[in-house]
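# Structural features, examined
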Amino acid sequence: MLDPALIVLISLGYVGLLFAIAWYGDRRAERGRSVIRNPAIYTLSIAVYCTSWTFYGAVGSAARQGPEFLTIYLGPTLVFLGWWFVLRKMVRITRVHRITSIADFIASRYGKSTRLSVLVTVIAVVGGMPYISLQLKAVASSFAVLTGFDGVTGFETLSGLDAMTGPLTLSASLPRDTAFWVAAAMAAFAVLFGTRHIDASEHHEGVVAAIAFESLVKLIAFLAVGIFITFFLHDGFADLVRQAEDVSLGGPFIPPVTGESAPRWTTTLLLSMCAVLCLPRQFQVTAVECVDERHLSTASWLFPLYLLVLSLFVVPIALAGLVHLPTGADADAFVLTVPLSQDRPDLALLAFLGGLSSATAMVIVAAITLATMVCNDLVMPFLLRLPWLRLTERGDLTGLLVAVRRASIVALIFMGYAYYRVTGTSEALASIGLVSFAALAQLAPSMLGGAVLERGDQGRGDHRAAAGFSGVVPYPVAAVLCPCRLAGCRHPARWPVRADCPDAGGPVWDDRARSAQSFPVLELAGQHRRLCRGVAVWQAAGAGADSGDAVCRCLSPGRQRHTPGLDPDRDGR
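Presented here is a report on the structure given in the accompanying data block.

About the thresholds
Residues numbered from 1 in each chain as written. Predicted model: local features only at pLDDT ≥ 70, side-chain atom pairs only at ≥ 80, totals over all residues. Heavy atoms only, no water. Patch = residues over 30% accessible without salt bridge, like charges linked within 9 Å, V, L, I, M, F, W, Y side chains within 5 Å. Areas by Shrake-Rupley, 256 points an atom, 1.4 Å probe, with all protein chains shown as cover. Salt bridge = Lys/Arg side-chain N within 4 Å of Asp/Glu carboxyl O. Helix = DSSP H or I, 4+ residues; strand = E, 2+ residues; numbered from the N terminus. Phe/Tyr/Trp six-rings, centres within 6.5 Å; stacked < 30°, edge-to-face > 60°. Buried < 20%, exposed > 50% of the residue type's maximum accessible area, 1.4 Å probe, protein only. Lys NZ or Arg CZ within 6 Å of the ring centre and 35° of its normal. Axes fitted to C-alpha atoms, helices over the stretch in contact; angles between N-to-C directions. Parallel < 35°, antiparallel > 145°, perpendicular 65-115°, else oblique. Left-handed = near helix turned anticlockwise from the far one by under 90°. Contact = heavy atoms within 4.5 Å. Nonpolar A, V, L, I, M, F, W, Y, C, P; charged D, E, K, R; others polar. Expected span 1.5 Å × (residues − 1).

### What to know about a nonpolar patch on the surface
Taken together, the side chains of Leu81, Trp301, Leu305, Leu308 and Leu312 make up a nonpolar region of the molecular surface, amounting to roughly 510 Å² of accessible area. Among the elements that take part in the nonpolar patch, helix α15 (residues 295-311) stands out by supplying three residues, more than any other.

As C-alpha cells, then:
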C-alpha cells in the first residue's frame, strides 16, 4: 500500500511535465522549428491507439482467454503492413482539401453533405463516451489498487477513496473521487493546448509532442514490469511456464481456437482493424497531424514493431499473476498487483504512470477531435442559422470558435465522467467499450469508399452509416438508463453483448450483434438484399422493433433497387 499523497504528488509532477513538453512543442512550432517533423515522433503519436484498456486489459484478457488478446494488436498491424496505400491516400486527401476531422473527410467525399457530417459527428460522440469513461475508470481503479492493496492477502481493499463503491452522494464524494480530478486535469490540458489558435490545418504540435512522450512512457513502464517478472522474479520465460504447470496453469492457459472462440477472434480482429482507421483520435494523429507524407512509410513498419514489443510480456505478466496471486484476484490489475506482491512499489508506481499516460493521451486527443467536430458540424451551423445573432455580419469569428471548442472539450470530458459515474460499477463496462468500437466501425465503408474512389453518393453514405449504427447504439444508451448488471435486466437476451460471457471484460457476440456488425461488410460487397434479410432475422430473433424500424427507415424505397455501394458511373474527376 502506497501513500496517497505521494501518488498524487508524483502524478501532478508528471502532468506538469506534459504541460512543459506541450508548451515547448508549441513554441518551437511558432518559430518554424517543428519538433514533430520526425517519423519516430509521428509513429509514437499513432500509438495513442494503445489506451489503458490495452495497457491493463490485455493482461486480464490473456489471463482469462489466453491468446485471444492478440487480436487487438493484429488488427492495426495488418492495416499498417497491408493497407498502407489506403492510409497514404487518406493523408493526401486530408492535406490537399485541408480536412480537419473524420466528419469532414467523409462528408467531402460524398458531395460535401452537411447531413452526413452531422450523422458522423453524432456517431463519434455517442460511440466515444463509453471509451472515455473506460479511461477514467482505469485511472481511478489503479489509484485505488495502489492505495488499498493488501500485500498479505493479495487482494485490493478498496476504501472510501473509490467513490464508486461507497454509499456517498455525488457532492460528498467529489473531493475524494480520483476520476473527477483526472477529468478536470485532462480538460485543462486539452483547453490550453488544443484551442490556443484556430488554424486551417488544425495542427496541434505541442499536443502531438506530449502524446508521443506518453507513448514512450507507457512502453518503458510495461517493459520494466515484464522484464522484472520474467528475468528477475523468474529465471526466464521457461521457468515461469514450468511454475505455471506446477500449479496446473500451463494447459488450460492457452486454449485452442475452437468453434466457439473463432467468432470472437474474427469479430475482435475486424473491429480492431476498423478502429485504427475510424476512431476520430486515430484519424487525427494519422492524417490531420501528419506534416510529411514520407513519415507514413516509417510508421507502416515502426508502429507494428511498437505493438509487437508492447505485447511481448503480456503473457508472462498474466502467468505471474495467476501463479503468485490468490484465486479471484483482479486480472486487469496484474500489472500493478504483481510488483506490489513482491515488495516493488517503485515498479508499481511506474506502471501506474504508464496507465495514466495511456488514459490521458486517449482522452485529450479524443476530446480535441470531437470538440472540433461538434463545433464545426453541430454548434456553428446552428448558430449561423439564428438571424438575431447576425453572425454572418461579423468579420471575425475566431473568438467565438475558440470559446465553443473550449466549452465542447469540457462538456465532452465530463459527459464521459458522468457516464463513468452511472455505469462504473457495471461488470460489463469493458464490453460496452468494445461496443464503442462497433459503433465507430460503421464508418468503415464510407471511409474506405471515400479513400479509394473520387466521389460517392451522399444518400448512400447516409444509409451506410445509419443502418449499422442503429444496430449498436441501443446498448451504450441502455447502459446509462439501466446501469445494473445486464444479466439482471428484464430483457437481457435482446442486447448485443451477453452479460453471461465467461470473460467479464470481453463480449460474446450473438446473432443479433453479428447482424449489426455485418452492415459495413455487406455494404462494401453490395449485398443489399442480404442486409435486408439480416434485419428481418434480427427483428424476428427479438432485437426489438425500434432498432429494426430505424434501419428500415434509413433504406428508403427509392434506394432499395440499387446496390448500396459507391456508384462507379458517378465517380472520377
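### A short note on the packing of aromatic side chains
Enumeration over the complete set of coordinates arrives at 16 aromatic pairs. An angle of 85° between the planes, with centres 5.0 Å apart, marks the rings of phenylalanine 19 and phenylalanine 189 as edge-to-face. Of this pair, phenylalanine 19 sits in helix α1 (residues 4-30) while phenylalanine 189 sits in helix α9 (residues 178-194); the two residues are 170 residues apart in sequence, bridging distant segments of the chain. Taking relative accessible area as the criterion, phenylalanine 19 reaches 22% and is therefore assigned partly exposed. Connected via pairs of aromatic rings, a cluster forms that spans Phe180, Trp181, Phe414, Tyr417 and Tyr420. The ring of phenylalanine 228 has arginine 344 lying over it, and the distance from NZ or CZ to the ring centre is 5.1 Å.

### Points about the packing of helix α7 (residues 114-148) against helix α18 (residues 345-384)
As a packed pair, α7 and α18 sit with axes 9 Å apart at the nearest point and diverge in direction by 160°. Taken together, the axes of α7 and α18 are roughly antiparallel relative to one another. Where α7 crosses over α18, the two elements pack in a sense that is left-handed.

### Remarks on the packing of helix α2 (residues 39-46) against helix α14 (residues 280-288)
At a closest axis distance of 9 Å, the pairing of α2 and α14 adopts a crossing angle of 170°. Our classification of the angle between α2 and α14 gives roughly antiparallel. On α14, the residues that touch Tyr42, Ser45 and Ile46 of α2 are Gln282, Val285 and Thr286. Residue composition of the contact of α2 with α14, by class: three nonpolar, three polar and no charged.

### A closer look at helix α4 (residues 70-82)
With 13 residues, α4 ought to run about 18 Å at 1.5 Å a step, and its terminal C-alpha atoms sit 17 Å apart, in line with that. For α4, the complete set of buried residues consists of Thr71, Ile72, Tyr73, Gly75, Pro76, Thr77, Val79 and Phe80. Buried residues in α4 make contact with α2, α3 (52-65), α5 (84-96), α13 (262-278), α15 and α16 (314-324).

### Brief notes about the pattern of salt bridges
Here the idea is simple: oppositely charged side chains can pair when their charged atoms come close. A complete count under the given rule lists seven salt bridges for this structure. Across the salt bridge formed by arginine 64 and aspartate 332, the nearest N and O atoms sit 3.4 Å from each other. Taken together, the residues span a long stretch of sequence, with arginine 64 in helix α3 and aspartate 332 in the loop between α16 and α17 (334-341) at a distance of 268 residues. Using a relative accessible area of 33% as the deciding quantity, one classes arginine 64 as partly exposed. Taking the shortest distance from any N to any O, the salt bridge between glutamate 293 and arginine 95 comes out at 3.5 Å. Here glutamate 293 is found in the loop between α14 and α15, whereas its partner arginine 95 is found in helix α5, with 198 residues between them in sequence. Accessibility expressed as a relative area gives 48% for arginine 95, which makes it partly exposed. What emerges from the salt-bridge pattern is a single network uniting Arg92, Arg95 and Glu293.

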